[in-house]
Amino acid sequence: MIRINEHYLKLQASYLFSEIAKRVSAYQAENPDREIIKLGIGDVTRALPRACIEAFHRAIDEMGEESTFRGYGPEQGYLFLREKIASGDFQSRGADIVPDEIFISDGAKCDTGNIQEIFSTDIRIAIPDPVYPAYLDTNVMAGRSGAFQDGRYQGILYMESTRENGFIPDIPNEPVDLIYLCFPNNPTGATITRDRLQQWVDFARENRALILFDAAYESFMRDASLPRSIYEVEGARDVAIEFRSFSKTAGFTGIRCAFTVVPKTCMAYDGNGQKHSVHALWNRRHGTKFNGVSYPVQKAAEAVYSQEGRAQGSELIEYYLKNADLIRKEITALGFECTGGKDSPYIWVEGRRNSWDFFDLLLTKAGVVCTPGAGFGRCGEGFIRISAFNSFENVKKAMARIKEALAG
Ligand code: MLT
């Protein structure tokens, strides 16, 4: 008899963004003439940078000639891209990361979801609340939690991010093994200072724990005093893995390219307390289960680091940050408190009502899609997340409609 992995039965009905998409489609089917403005899932709307498109085309032409055709590439990614990342994103900021420590992949969601499988199932996990749901769900699937009760999975340490702590979780006062951190944060848009990040790294070192640092939104940081990478912090190389993505940085959500940094000095332990290289384990997993990102996509990603690519990429980010500024301004003028939107494309709004009700109200009265905070965890109840990914015209229109809906 074929049996299922019963940990899947603990999961809540469906993945947050699938549930939202389902509700929006149902509403749209009933109201076919209603124009819906999507400020929900963080999906980019602007075209790829010209430099990336040109590199993409050139690489496709290479695939059409026998002399330049390529079959399987290295599972870890082509060196031309890994070198650009190591120097452009890390060494240039004083972070000591080399190309061989970078693994190219098809998305930070996949990487943050897959990485947990190289660790024991009986470790203690610390997860922020609210949180990007993939971190939590993948651990539930792997059996690292008990049942779902009162809005939380048993056995997981939830680190609360609230207005009181500035949406930066407090360092746990008990030992944990695997810690998820995301800055600029999804969903709250909060950022972390170097000193605070240093405290996390020190905590991980003291506890022989590991930090999974999701920096998918680092390119939205304007404040130059903030760390862009956890490796800008002393001692992080031994206790942290970092995830990055070209999705939001350069508009790659539809063509898929991301990377994970696993320093060679990063260690984890077996049941006898014996050290093992996390890099070697991840490399083993990657080589077994992944055949690499396509050559043209990696060429397009490489172009992000060219002079034109950098300028065009910054222009994209500035465009979305201008949307974020407008959302913050309008939401604040409506009397709501919010965080994020300064160094992040997300604005976390305290809605003063049930977050799914607020979601429904904005959808039905304003034709605007947001993300209900409760979908990110218990501490998200009462909040909604508004994303800045859309055209400036649509954001302006959405804010005018929200104003009208709330007045009526
Ligand atoms: C989000 O809206 O939180 C993200 O776009 C989801 C993702 O990157 O997978």
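Everything numeric in this text was worked out from a predicted model, so none of it was measured. (Residues numbered from 1 in each chain as written. Predicted model: local features only at pLDDT ≥ 70, side-chain atom pairs only at ≥ 80, totals over all residues. Heavy atoms only, no water.)

Caption draft 1: Molecular detail of the overall build of the protein. On a plain count of helices and strands, the protein comes out with 12 helices and 17 strands. Rg of the C-alpha trace for the protein: 21 Å, near the compact-globule value of 22 Å for 408 residues, within the 12% margin. Of all 408 residues assigned to the protein, the portion counted as buried reaches 55%. Here the contacts in the protein between residues at least 6 apart in sequence split such that 72% fall between residues at least 24 apart. Put simply, the protein shows about 17800 Å² of open surface, and 49% of that area lies on carbon and sulfur atoms. Considering the protein, the positive charge centre built from 48 side chains and the negative charge centre built from 54 side chains are found 2 Å apart. (Helix = DSSP H or I, 4+ residues; strand = E, 2+ residues; numbered from the N terminus. Rg over C-alpha atoms; globule rule 2.2 N^0.38 Å. Buried < 20%, exposed > 50% of the residue type's maximum accessible area, 1.4 Å probe, protein only. Contact = heavy atoms within 4.5 Å. Areas by Shrake-Rupley, 256 points an atom, 1.4 Å probe, with all protein chains shown as cover. Lys, Arg positive; Asp, Glu negative; His and termini not counted. Charge placed at Lys NZ, Arg CZ, Asp CG, Glu CD.)

Caption draft 2: Broad picture of helix α1 (residues 16-30). When the terminal C-alpha atoms of α1 are compared, their 22 Å separation across 15 residues agrees well with the 21 Å that a helix rising 1.5 Å per residue should span. Residues of α1 that are buried include every one of L16, F17, E19, I20, V24 and Y27, and no others. One side of α1 holds all its buried residues, which, seen down the axis, span an arc of 160°. In α1, those exposed residues whose orientation departs by more than 90 degrees from the buried face are K22 and A29. (Expected span 1.5 Å × (residues − 1). Arc of directions from axis to C-beta.)

Caption draft 3: Layout of the layout of surface pockets. Of the volumes computed, that of the largest pocket is approximately 700 Å³. Lining the largest pocket are 29 residues; nearest its centre among them are Q12, S14, L16, D137 and G375. Mapped onto the lining of the largest pocket, the elements with two or more residues apiece are α1, α4 (108-114), α5 (133-141) and β5 (152-153). No other element matches α5, which puts six residues into the lining of the largest pocket. (1 Å grid on protein atoms, 1.4 Å probe; cavity = no way out; pocket = protein on both sides within 12 Å on 5 of 7 lines; lining within 4 Å. Points joined across faces, edges and corners; volume = space filled by probe spheres on them.)

Caption draft 4: Expanded view of the sheet that holds strand β10 (residues 258-261). With mixed pairing, the seven strands of this open sheet are ordered in space as β2-β10-β9-β8-β7-β3-β6. Two strands close off the open sheet at either side, each with one partner strand: β2 (102-105) and β6 (157-160). Each strand axis lies, on average, 20° off the axis of its neighbour in the sheet, ignoring direction. Against the sheet, helix α3 (residues 79-90) touches β2, β9 (240-245) and β10, its axis set at about 115° to β2. Contacts from helix α8 (residues 278-289) reach β2, β9 and β10, with the element oriented near 25° to β2. (Pairing = 2+ DSSP bridges. Axes fitted to C-alpha atoms, helices over the stretch in contact; angles between N-to-C directions.)

Caption draft 5: Molecular detail of the pairing of strand β7 (residues 178-182). Counting buried positions over the five residues of β7 gives five, a clear majority of the element. Judged by which residues are buried, β7 turns out to be covered on both faces: L178, Y180 and C182 on one side and I179 and L181 on the other are all buried. One ladder, built from two bridges, connects strand β3 (residues 125-129) with β7; its direction is parallel. Within β7, the position partnered with A126 by the bridge is I179. Relative to strand β8 (residues 210-214), β7 is paired through five bridges, and the arrangement is parallel. Each bridged residue has a counterpart across the sheet, and for I179 the counterpart in β8 is I211. You can see the chain leave β7, run along helix α6 (residues 194-207) and come back into β8, and the turn it takes is right-handed. (Right-handed = clockwise from strand over helix to strand, strands pointing away.)

Caption draft 6: Representation of the site of the ligand within the structure. Near the ligand, the surroundings consist of F17, I41, G42, K109, Y132, N186, Y217, K248, Y346 and R385. Within the contact set of the ligand, an oxygen atom lies 2.9 Å away from a side-chain nitrogen or oxygen of K248. R385 is positioned with one of its side-chain polar atoms (N or O) 2.7 Å from an oxygen atom of the ligand. Protein contact buries 84% of the 270 Å² of open area that the ligand shows by itself. Considering only residue class, the shell around the ligand consists of five nonpolar, two polar and three charged. (Near = heavy atom within 4 Å. Polar contact = N/O pair within 3.5 Å; in protein donor to acceptor, adjacent residues only side chain to side chain. Nonpolar A, V, L, I, M, F, W, Y, C, P; charged D, E, K, R; others polar.)

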